[in-house]
Amino acid sequence: MENKEVPKGVKITSFLYYITAVLVVVQTIIFAFNVKTIVSFVLDLLPRLGLAVLAVFIGMGLWNGKKWAKMVTLIFSGLVFTYLVIFSLLGLFTVFKGLIQLSQTYSFSEISSGMLGNIPYISIIEYLVVFVVTGFVFFYLLRNKEAKEFLSSK
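Residues numbered from 1 in each chain as written. Predicted model: local features only at pLDDT ≥ 70, side-chain atom pairs only at ≥ 80, totals over all residues. Heavy atoms only, no water.

Asker: Is there a simple way to explain the overall build of the protein chain in this structure?
Answerer: Looking only at helices and strands, one finds six helices and zero strands in the protein chain. Of the roughly 10900 Å² that the protein chain leaves accessible, carbon and sulfur atoms contribute 73%. (Helix = DSSP H or I, 4+ residues; strand = E, 2+ residues; numbered from the N terminus. Areas by Shrake-Rupley, 256 points an atom, 1.4 Å probe, with all protein chains shown as cover.)

Asker: Would you mind going over the packing of helix 1 (residues 8-32) against helix 2 (residues 38-63) with me for this structure?
Answerer: Packing of helix 1 against helix 2 leaves a shortest axis separation of 8 Å and a crossing angle of 165°. With respect to helix 2, the element helix 1 is oriented roughly antiparallel. By crossing handedness, the relation of helix 1 to helix 2 is classed as left-handed. When its residues are assigned to classes, the contact of helix 1 with helix 2 shows 18 nonpolar, six polar and two charged. (Axes fitted to C-alpha atoms, helices over the stretch in contact; angles between N-to-C directions. Parallel < 35°, antiparallel > 145°, perpendicular 65-115°, else oblique. Left-handed = near helix turned anticlockwise from the far one by under 90°. Nonpolar A, V, L, I, M, F, W, Y, C, P; charged D, E, K, R; others polar.)

Asker: Any chance you could explain the side chain of S77 here in plain terms?
Answerer: Take S77: it is sitting in helix 3 (residues 67-103). By relative accessible area, S77 is classed as buried at 5%. Polar contacts involving the side chain of S77 include one to the main-chain carbonyl oxygen of T73, which spans 2.6 Å. S77 has contacts with T134, V137 and F138, leaving out every residue within four places of it along the chain. (Buried < 20%, exposed > 50% of the residue type's maximum accessible area, 1.4 Å probe, protein only. Polar contact = N/O pair within 3.5 Å; in protein donor to acceptor, adjacent residues only side chain to side chain. Contact = heavy atoms within 4.5 Å.)

Asker: Can you walk me through a nonpolar patch on the surface in this structure?
Answerer: Judged by side-chain polarity, V25, I29, F33, I38, V39, F41, V42, L43, L46 and L49 come together as a nonpolar surface patch covering roughly 950 Å² of accessible area. Of all the elements in the fold, those that place two or more residues in the nonpolar patch are helix 1 and helix 2. Residue placement: L46 occurs in helix 2. (Patch = residues over 30% accessible without salt bridge, like charges linked within 9 Å, V, L, I, M, F, W, Y side chains within 5 Å. Salt bridge = Lys/Arg side-chain N within 4 Å of Asp/Glu carboxyl O.)

Asker: Help me out: how do you make sense of the nonpolar core in this one?
Answerer: Most often, soluble globular proteins keep nonpolar side chains buried together rather than apart. If you look at the biggest cluster of nonpolar residues, it comprises 18 residues, and the most contacted ones within it are V10, L62, L141 and L151. Put simply, the parts of the chain that give this core at least two residues each are helix 1, helix 2, helix 3, helix 5 (121-143) and helix 6 (145-152). With residues up to four places along the chain from it excluded, the contact list for V10 reads L62, Y140, A147, F150 and L151. (Core = buried A, V, L, I, M, F, W, Y, C linked by side-chain atoms within 4.5 Å.)

Asker: Would you take a moment to explain the packing of aromatic side chains for this structure?
Answerer: Remark: the centre distance and the inter-plane angle together describe each pair of aromatic rings, the angle taken between the planes. Taken as a whole and assessed by the stated rule, the structure comprises five aromatic pairs. Taken together, a centroid distance of 5.0 Å and an interplanar angle of 25° make the contact between F81 and F131 stacked. Here F81, found in helix 3, pairs with F131, found in helix 5; they are 50 residues apart in sequence, far enough to count as distant. The buried category is assigned to F81, whose relative accessible area is 17%. When the centroid spacing of 5.5 Å and the interplanar angle of 20° are considered together, the rings of F136 and Y140 count as stacked. Here the residue F136 and the residue Y140 both occupy positions in helix 5, the gap between them amounting to four residues, near one helical turn. (Phe/Tyr/Trp six-rings, centres within 6.5 Å; stacked < 30°, edge-to-face > 60°.)

Asker: Would you mind going over the side chain of T73 with me for this structure?
Answerer: Turning to its location among the elements, T73 is positioned in helix 3. Residue classification places T73 among the buried residues on the basis of a relative accessible area of 0%. The contact partners of T73, leaving out residues within four places of it in the chain, are T13, Y17, I58, L62, G78, V137 and L141.

Asker: Which parts of the structure should I look at to understand helix 2?
Answerer: Count 3.6 residues to each turn of an α-helix, and residues three or four apart come out pointing the same way. Helix length check: helix 2, at 26 residues, gives a terminal C-alpha distance of 36 Å against a target of 38 Å (1.5 Å per residue), a fit within 8%. When the local axis directions of helix 2 are compared, the greatest deviation, roughly 30°, occurs at L45, which is followed within four positions by the proline P47. Of the positions making up helix 2, those classed as buried are L45, A52, A55, I58, G59, G61 and L62. Positive backbone phi, at 75°, marks G65, one or two positions downstream of helix 2. (Expected span 1.5 Å × (residues − 1). Bend = angle between axes of the 7 residues up to and from the residue.)

Right, dumping it as structure tokens:
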């Protein structure tokens, strides 16, 4: 049996899943300090830990060239990417609709000065990072010939 070199993009994608697992565990630990009841623990924390374990298995599967890991990654990243695109468009529509309604009552300077104070910049940056990374993972695994060959052999 031939031992193929893991393509760089697959290594990066696998590493992103390991990072996701670590971040979910850290987030779970932080949230654990706020858990008040056993129900909250079961409903909030256990699914997070399950997600972290799943992310580790997917990362290992990608690194080892498993076809199932590619399929799970394509499904997850495709769903997330589609969700982000749809809700980005809906969000833009809502913002523009709101701006049009506000422009009928207020001047542009009043609208823009009031809006800029309320933009959660970290949320926008986080959103853009997730959008770019998810899009990269999805389209890389879907279109890259080297990744397709590596992940279809096992």
